[in-house]
Amino acid sequence: MKSFAYASLDDSLATKLIARAGLADIDAKVKNGERLSFEDGVRLYETPQLAAVGLMAHRVRTQRHGRKAYFNVNQHVNYTNICIYSCKFCAFAAKEGEERGYLMTPEVVEQKVREQLHRPVTEVHMVAGIHPKMGYDYYLDVVRAAKRGRPEIHVKAFTMVEIDHILKISGKSEDEVFADLREAGLGSCPGGGAEVLVDRVHKAVFREKQGPQSWLDTARKVQRHGFKMNATMLYGHIERVEERVTHLMRLRELQDECGGFMAYIPLAFWPYHTDLENFGHVTTGHLDERSIAVGRLMLDNFPHIKAYWVMLTQESAQTALSFGANDLDGTVTEEKITHDAGTTEPQALTPDALQHLIRQAGYEPIQRTTVYEEVSAAPA
Ligand code: SF4
């Protein structure tokens, strides 16, 4: 079996390599369980010694999760691409009346879920654009529809942008809205739409939609109403190193306060067909692995770091398992958002393919539920 070098590197040798990279002080903090500072985060992003950063992150990952690497069997349903906003990094959205615009009725959502009944899907992941006309009941109905299609399925739905919109159009109190969503069958939230939680980036590339403070405030509401969620960062466009670190610090603060984040998911930007197509580049493996590793080291209060293979590519996601990640996400099925932006990855992977990636990297594949309960140890 192939095994990535870090998986078996002697710890004292790792310590020497990290010291030679000039990072002994950060290594000491990590070993002592001390929280890393903003300046530490900037150094971890800027040092040319990526291997040393990866070694520290790998050590933390191994302490928390041993050889385990999680995946889940899920499906995506992007119920509409019609959106009132025009984020510059988005290739998915369409305006009402555009030929490529679509809107799924709740019946279509139910059918999409039923189409996968032959597969052992445990989660439906539903995110979409902000449609100008759909009312409050539509959002409850798409959740209900997914549950009708497969009653035992976990519905992980709605970015903080969608939740904020649902709250605004509901005409109800916050308590009533979250009670309605729970009753409809919402299980958790995916945590997208955070982009980069700093005002400069917000103004430059997604000024119309919810800004950083609103994203954090909405996430706080979600978690205070008892829903677990994830948190993303879209990197590799116009953001600066300091802004990435600020993003991580803001997530860490909210996790200290509420404790409802399950996983941090750094999302590699795909520029094709977006307004940043000429400006942006596809992220490199170097930045992908660093983003995973710095996330693992800075977010000491996040249980899981996810390498989302659709955006990282299978190769980078697999390697990320040795740079701090302990999760590859899922089988996915019919992903639209990153495919519209030009990802070269397939629309879906089988559980076998995910387990193969994990085993070839030297880890033990474990199927999980959305909230990280182990479904079963994958067969050897
Ligand atoms: S990123 Fe989301 S909110 Fe922004 S334009 Fe695309 S679909 Fe709309």
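The model shown is predicted, which means the values in this text are computed figures rather than measured ones. (Residues numbered from 1 in each chain as written. Predicted model: local features only at pLDDT ≥ 70, side-chain atom pairs only at ≥ 80, totals over all residues. Heavy atoms only, no water.)

Asker: Mind showing me how you'd approach the environment of Glu243 here?
Answerer: Take Glu243: it is sitting in helix 11 (residues 241-258). Among the residues examined, Glu243 registers a relative accessible area of 9% and is labelled buried. Each C-alpha atom, one on Glu243 and one on Asp199, is 9.4 Å from the other, the two residues being 44 residues apart in sequence. Ignoring anything within four residues of it in the chain, the contact list for Glu243 reads Val196, Val198, Arg200, Val201 and Ile238. (Helix = DSSP H or I, 4+ residues; strand = E, 2+ residues; numbered from the N terminus. Buried < 20%, exposed > 50% of the residue type's maximum accessible area, 1.4 Å probe, protein only. Contact = heavy atoms within 4.5 Å.)

Asker: It is not clear to me how the pairing of strand 10 (residues 364-368) should be interpreted in this structure. Could you clarify?
Answerer: Working note: regular strand, side chains alternate between the two faces of the sheet. By the criterion of burial, strand 10 is predominantly enclosed, with 4 of the 5 residues buried. Inspection of the sheet shows strand 1 (residues 68-72) paired to strand 10 by 4 bridges, in the parallel sense. Opposite Phe71, over in strand 10, you have Gln367 as the bridge partner. (Pairing = 2+ DSSP bridges.)

Asker: I keep staring at the packing of helix 5 (residues 106-114) against helix 6 (residues 136-149) and nothing clicks. Help me out?
Answerer: Between two packed helices, what matters for the description is the angle formed by their axes and the separation of those axes. Interaxial distance between helix 5 and helix 6 falls to 8 Å at its minimum, and their mutual angle equals 30 degrees. Between helix 5 and helix 6, the crossing angle belongs to the class labelled roughly parallel. Judged by the twist between their axes, the crossing of helix 5 over helix 6 is right-handed. Packed against helix 5, whose contacting residues are Pro106, Val109, Glu110, Val113 and Arg114, the element helix 6 presents Tyr138, Asp141, Val142, Ala145, Ala146, Arg148 and Gly149 at the interface. Residues that form the contact of helix 5 with helix 6 fall into these classes: 7 nonpolar, 1 polar and 4 charged. (Axes fitted to C-alpha atoms, helices over the stretch in contact; angles between N-to-C directions. Parallel < 35°, antiparallel > 145°, perpendicular 65-115°, else oblique. Left-handed = near helix turned anticlockwise from the far one by under 90°. Nonpolar A, V, L, I, M, F, W, Y, C, P; charged D, E, K, R; others polar.)

Asker: Just checking my understanding: could you explain the pattern of salt bridges for this structure?
Answerer: Once their charged atoms are close, side chains differing in charge can pair, the charge on each being opposite to the other. For the coordinates displayed, the defined rule picks out 25 salt bridges. For Arg148, the salt bridge goes to Glu110, with nearest N and O atoms at 2.8 Å. With Arg148 in helix 6 and Glu110 in helix 5, the pair connects residues that are 38 residues apart, well separated along the chain. Classification of Glu110 by relative accessible area gives buried; the value is 14%. In this structure, Asp141 engages Arg144 in a salt bridge whose closest nitrogen and oxygen atoms are separated by 2.8 Å. With Asp141 and Arg144 both in helix 6 and 3 residues apart, this pair spans about one turn of that helix. Ionic contacts of the salt-bridge type, sharing partners, join the residues Asp11, Asp27, Lys31 and Arg59 into one network. (Salt bridge = Lys/Arg side-chain N within 4 Å of Asp/Glu carboxyl O.)

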